[in-house]
Amino acid sequence: MSIWWSLHLRREAASVPLARRLLIGTMETAGVDPDISYDLSVALSEACANAVEHGGDMECGPGSEAYRVTAYLDGEKCRIEVADAGPGFPAASAGRPRPPIRPAHYDAENGRGLCLIEELADHVHIGNKPGRGGAVVSFDKVLKWRSGAPLMAV
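Keep in mind that what you see is a predicted model, and the values were worked out from it rather than measured.

**Q** I keep staring at the packing of helix α1 (residues 15-30) against helix α2 (residues 34-54) and nothing clicks. Help me out?
**A** The relative placement of two packed helices comes down to the angle between their axes together with the axis-to-axis distance. Direction vectors running N to C along α1 and α2 enclose 155°, while the axes themselves pass 9 Å from each other. Here α1 lies roughly antiparallel to α2, going by the angle between them. Helix-helix and strand crossings are classified by hand; for α1 and α2 the assignment is right-handed. The residues of α2 that touch α1, namely those facing S15, V16, A19, R20, L23, I24 and M27, are S37, Y38, L40, S41, V42, L44, S45, C48, A49 and V52. Tallied by class, the residues present in the contact of α1 with α2 amount to twelve nonpolar, four polar and one charged.

**Q** Help me out: how do you make sense of the pattern of salt bridges in this one?
**A** Side chains that carry opposite charge are capable of pairing whenever their charged atoms lie near each other. One pass over the full model with this rule turns up four salt bridges. Put simply, E12 and R10 hold a salt bridge, and the shortest N to O gap is 3.0 Å. By relative accessible area, E12 is classed as partly exposed at 36%. The residue R68 makes a salt bridge to E81 at a minimum N-O spacing of 3.1 Å. Of the two residues, R68 sits in strand β2 (residues 66-74) while E81 sits in strand β3 (residues 77-83), which places them 13 residues apart along the sequence. With relative accessibility at 31%, the residue R68 sits in the partly exposed group.

**Q** I keep staring at helix α4 (residues 113-120) and nothing clicks. Help me out?
**A** Along an α-helix, residues three or four apart share an orientation, since each turn contains 3.6 residues. Every buried residue of α4 is accounted for by G113, L114, C115, I117 and L120. Taken together, the buried residues of α4 touch α2, β4 (123-128) and β5 (135-142).

**Q** Which parts of the structure should I look at to understand the packing of α2 against α4?
**A** Running from amino to carboxyl end, α2 crosses α4 at an angle of 155°, the nearest separation of the two axes being 9 Å. Taken together, the axes of α2 and α4 are roughly antiparallel relative to one another. For the pair α2 and α4, the sense of crossing is left-handed. Packed against α2, whose contacting residues are D39, V42, A43, E46, A47 and N50, the element α4 presents G113, L114, L116, I117 and L120 at the interface. The residue inventory of the contact of α2 with α4, partitioned by class, reads seven nonpolar, two polar and two charged.

Basis of the calculations
Residues numbered from 1 in each chain as written. Predicted model: local features only at pLDDT ≥ 70, side-chain atom pairs only at ≥ 80, totals over all residues. Heavy atoms only, no water. Axes fitted to C-alpha atoms, helices over the stretch in contact; angles between N-to-C directions. Helix = DSSP H or I, 4+ residues; strand = E, 2+ residues; numbered from the N terminus. Parallel < 35°, antiparallel > 145°, perpendicular 65-115°, else oblique. Left-handed = near helix turned anticlockwise from the far one by under 90°. Contact = heavy atoms within 4.5 Å. Nonpolar A, V, L, I, M, F, W, Y, C, P; charged D, E, K, R; others polar. Salt bridge = Lys/Arg side-chain N within 4 Å of Asp/Glu carboxyl O. Buried < 20%, exposed > 50% of the residue type's maximum accessible area, 1.4 Å probe, protein only.

Structure follows, in structure tokens:
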């Protein structure tokens, strides 16, 4: 069985826990192992927080732009994509590959989100939307199921 949903959210801090709760509820209902659900929910929260902070044109004011979250639970894998309307990743916009993500300094208050996503997910793609600007962060993880899960992949 497959489940997918997509949200169009305002770039406001309150949208982050909304997306996270929807993902956790979907996975709990489907019967996904709680540890996998937790890892994916933390990764989603980091991607959404980045979209809220960096994903729009600040000349129009904070919250004036939106971002999109899409999640797919399909068979043995969950794929999540967060796309925004911001400037994107500078190195990737000129047709060059994005430089590797460097961990934040141990006492930094921010800058850990992309590193956390890479640690929590199995496969991560970070880039720009083709032609229109904006960043896209997508990641997936192989699912584990609780015993007797109602929507377990067969």
